[in-house]
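Given next are the chains, with one letter for each unit.
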Amino acid sequence: MTAASVQAENKTRENKTRENKTRANNIELLRIIAMLMIVSHHFVFHGEALRQTAVFSVNWFFSWTVEAVSVAAVNCYVLISGYFLVTSRFKVKKLIRLWLEVLFYSAGIYLLLTGLGLEHFSIRHLAGAFLPVLTNQYWFATVYIAMYIFSPFLNISINALSKRQFLNLLIILFAMLSIWPTVLPFGYSLDRTNGYSIIQFVFLYFIGAYLRLHWNYELKKGYYIGAYILISIIVLASKVMFTYLGLEEGISYLLFEYNSVTIVLSSVMLFLFFRSISLKNALLNKLIGSVSVLTFGVYLIHDNVHVQGMLYKKVFHTGLFMNTPLFIPLAVGSVVGIFTACICIDAVRKKIFEAFEGSRFSNIIQEKISLSLNNRNL
């Protein structure tokens, strides 16, 4: 092979890499939008707007609309993971980075709050802060890390299936894990956590993987977003109907569960919509790439167990505005403010981690870990 041909091949490879990164930015945009949706969901849920706003008031409809539109965001995050991880190699370095990021915020926030006298010190809370994944301080982070550890074995199973076998598996899982608990909510189901377990994450991982490997039935993007909006309207209408009929709270929240038919389908439709769009603006793509890597930090900061109550009750005082005309502007401003502040904080954390990862001490640790796992073929 001549030098010219090698240079041409390298240039082609670079162009393909750049093209793939640009194409992936539509999914990274979904990651950003999904985190904004998660912050919105937490504002109305942890801020107790869903329970304390006057029934059928403007603020009540606003809060439940936000919930109906936003609740699919968690599923979208797992779909994104399945979509990318199915063609990726397991990296111990990434696992350690995830674990350390969770530890950084869990321990850091607790020590900061206790140091400022805003949180009472206790051995139990201290242990939880320094063992956040094992003690489920962040339910999503715990299950997500477990899913990532399983991912190489999930990929082996996926690659062993034909397209038809994979589709049949998804149909069976959808029937057992989504249709069954939605149709028979009071009966026994395989996942009794309403979608908060590793079972749901593996199911969504499989869906994301299938969309990456086999989905080629491209429709107009308007159909996807239209289906997502329609399902969100159905979810909201179910709450209105159940509340009007005076049925118990568990029933009225049925179609909002992560494993319900409605939320699984709406998350897939939203994912396919963003997958179908094209982003060609270089500046926008650069901004998306810079912000999307910080979104996990947004979750770890604002949904910290010690921050939740303080954020909505002592910072934003949502209870004072719950049934006033100021509630909607407060909600919008608070969500944007929380997201922006957390992005800025995590940008600093990222710089600290990058400095540490480039240190000699970090390189020695990584080399030892890599050597010990070198022959495990993960």
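Presented here is a report on the structure given in the accompanying data block. (Residues numbered from 1 in each chain as written. Predicted model: local features only at pLDDT ≥ 70, side-chain atom pairs only at ≥ 80, totals over all residues. Heavy atoms only, no water.)

### Topic: helix H14 (residues 295–302)
Of all the 8 residues making up H14, 8 are buried; the element is thus mostly covered by neighbouring parts of the structure. Within the span of H14, buried status applies to Thr295, Phe296, Gly297, Val298, Tyr299, Leu300, Ile301 and His302. (Buried < 20%, exposed > 50% of the residue type's maximum accessible area, 1.4 Å probe, protein only. Helix = DSSP H or I, 4+ residues; strand = E, 2+ residues; numbered from the N terminus.)

### So, the side chain of Thr262
Within the element layout of this structure, Thr262 appears in helix H12 (residues 261–276). Using a relative accessible area of 12% as the deciding quantity, one classes Thr262 as buried. Here Leu255 takes part through its backbone oxygen, which lies 2.7 Å from a polar atom of the side chain of Thr262. Sequence-distant contacts of Thr262, that is, excluding residues within four places in its chain, are made with Ile231, Val235 and Leu255. (Polar contact = N/O pair within 3.5 Å; in protein donor to acceptor, adjacent residues only side chain to side chain. Contact = heavy atoms within 4.5 Å.)

### Here's the deal with the side chain of Asn25
By the element assignment, Asn25 lies in helix H1 (residues 3–46). Beyond its immediate stretch of four places on either side in the chain, Asn25 contacts Leu279, Asn285, Ile288 and Gly289.

### Things to note about the environment of Ser252
One can find Ser252 in helix H11 (residues 249–252). For the pair formed by Ser252 and Leu236, sequence separation is 16 residues and the distance between their alpha carbons is 9.8 Å. Non-local contacts of Ser252, meaning those with residues more than four positions away in its chain, are made with Lys239 and Phe242.

### Quick word on the pattern of salt bridges
In a structure, side chains of opposite charge can pair up when their charged atoms sit close to one another. Under the definition given, this model contains 4 salt bridges. Notably, a salt bridge pairs Asp346 with Arg349, separated by 3.0 Å at the nearest N-O pair. Of this pair, Asp346 and Arg349 both sit in helix H17 (residues 327–357), 3 residues apart, which is roughly one turn of that helix. A single burial state applies to Asp346 and to Arg349, both of which are buried. The closest approach of N and O atoms between Glu354 and Lys350, which form a salt bridge, is 2.5 Å. Placement of both Glu354 and Lys350 in helix H17 is noted, with a separation of 4 residues, approximately one turn of the helix. A relative accessible area of 37% places Glu354 in the partly exposed class. Each of Glu101, Asp346 and Arg349 takes part in one network of salt bridges that share partners. (Salt bridge = Lys/Arg side-chain N within 4 Å of Asp/Glu carboxyl O.)

### Topic: the environment of Ser106
For Ser106, the position within the fold is in helix H5 (residues 92–115). Judged by relative accessible area, Ser106 falls into the buried class, the value being 2%. Taking the C-alpha atoms as reference points, Ser106 and Val305, 199 residues apart in sequence, are found 8.6 Å from one another. Those residues within four positions of Ser106 in sequence are excluded, and the remaining contacts are Gly128, Ala129, Pro132, Gln137, Tyr138 and Asn304.

### Here's the deal with unusual backbone geometry
Keep in mind that most residues, glycine aside, have a negative phi and that most peptide bonds are trans. Backbone geometry places Asn194, a non-glycine residue, at a positive phi of 60 degrees. As for its position among the elements, Asn194 is in the loop between helix H8 (163–183) and helix H9 (198–213). Judged by relative accessible area, which is 34%, Asn194 ranks as partly exposed.

### Remarks on the nonpolar core
Within the largest apolar cluster, 104 residues are counted, with the highest numbers of intra-cluster contacts made by Phe140, Phe206, Ile207 and Phe271. Counting residues per element, this core draws most heavily on H1, which supplies 11 residues. Setting aside chain neighbours within four positions, we find Phe140 in contact with Val74, Tyr77, Val78, Phe201, Phe296 and Tyr299. (Core = buried A, V, L, I, M, F, W, Y, C linked by side-chain atoms within 4.5 Å.)

### Side note on the packing of aromatic side chains
Scanning all chains against the criterion turns up 30 aromatic pairs. Each ring, one from Trp139 and one from Tyr258, has its centre 6.0 Å from the other, and the planes form 25 degrees; the classification is stacked. In this pair, Trp139 sits in helix H7 (residues 139–159) while Tyr258 sits in the loop between H11 and H12, placing the two residues 119 residues apart along the sequence. Relative accessible area serves as the criterion here: at 5%, Tyr258 is assigned to the buried category. Among the aromatic side chains, those forming a connected cluster through ring pairs are Tyr77, Tyr138, Trp139, Phe140, Tyr144, Tyr196, Phe201, Tyr258, Phe296 and Tyr299. Arg51 extends its terminal NZ or CZ atom over the ring of Phe45, reaching a point 5.2 Å from the ring centre. (Phe/Tyr/Trp six-rings, centres within 6.5 Å; stacked < 30°, edge-to-face > 60°. Lys NZ or Arg CZ within 6 Å of the ring centre and 35° of its normal.)

### Concerning the packing of helix H3 (residues 58–70) against H17
Between two packed helices, the angle of one axis relative to the other and the distance separating the axes together describe the packing. Running from N to C, H3 and H17 cross one another at 25 degrees; their axes reach a closest spacing of 10 Å. Taken together, H3 and H17 sit at an angle that is classed as roughly parallel. Contacts from Val58, Asn59, Phe62 and Ser63 of H3 reach H17 at Phe327, Ile328 and Ala331. In terms of residue class, the contact of H3 with H17 is made up of 5 nonpolar, 2 polar and no charged. (Axes fitted to C-alpha atoms, helices over the stretch in contact; angles between N-to-C directions. Parallel < 35°, antiparallel > 145°, perpendicular 65-115°, else oblique. Nonpolar A, V, L, I, M, F, W, Y, C, P; charged D, E, K, R; others polar.)

### Concerning a nonpolar patch on the surface
On the surface, Val55, Phe56, Phe61, Met241, Tyr244, Leu245 and Leu247 cluster together to form a nonpolar patch covering roughly 710 Å² of accessible area. Position of Phe61 among the secondary structure elements: in helix H3. Here Phe61 falls in the partly exposed class, since its relative accessible area comes to 33%. (Patch = residues over 30% accessible without salt bridge, like charges linked within 9 Å, V, L, I, M, F, W, Y side chains within 5 Å. Areas by Shrake-Rupley, 256 points an atom, 1.4 Å probe, with all protein chains shown as cover.)

### A closer look at the packing of H14 against H17
Between H14 and H17, whose axes approach to 8 Å, the crossing angle comes to 110 degrees. By the angle between their directions, the pair H14 and H17 is classed as roughly perpendicular. Touching Thr295, Gly297, Val298, Ile301 and His302 of H14 are Ile338, Phe339, Cys342, Ile343, Ile345 and Asp346, all from H17. Its residues placed into classes, the contact of H14 with H17 shows 7 nonpolar, 3 polar and 1 charged.

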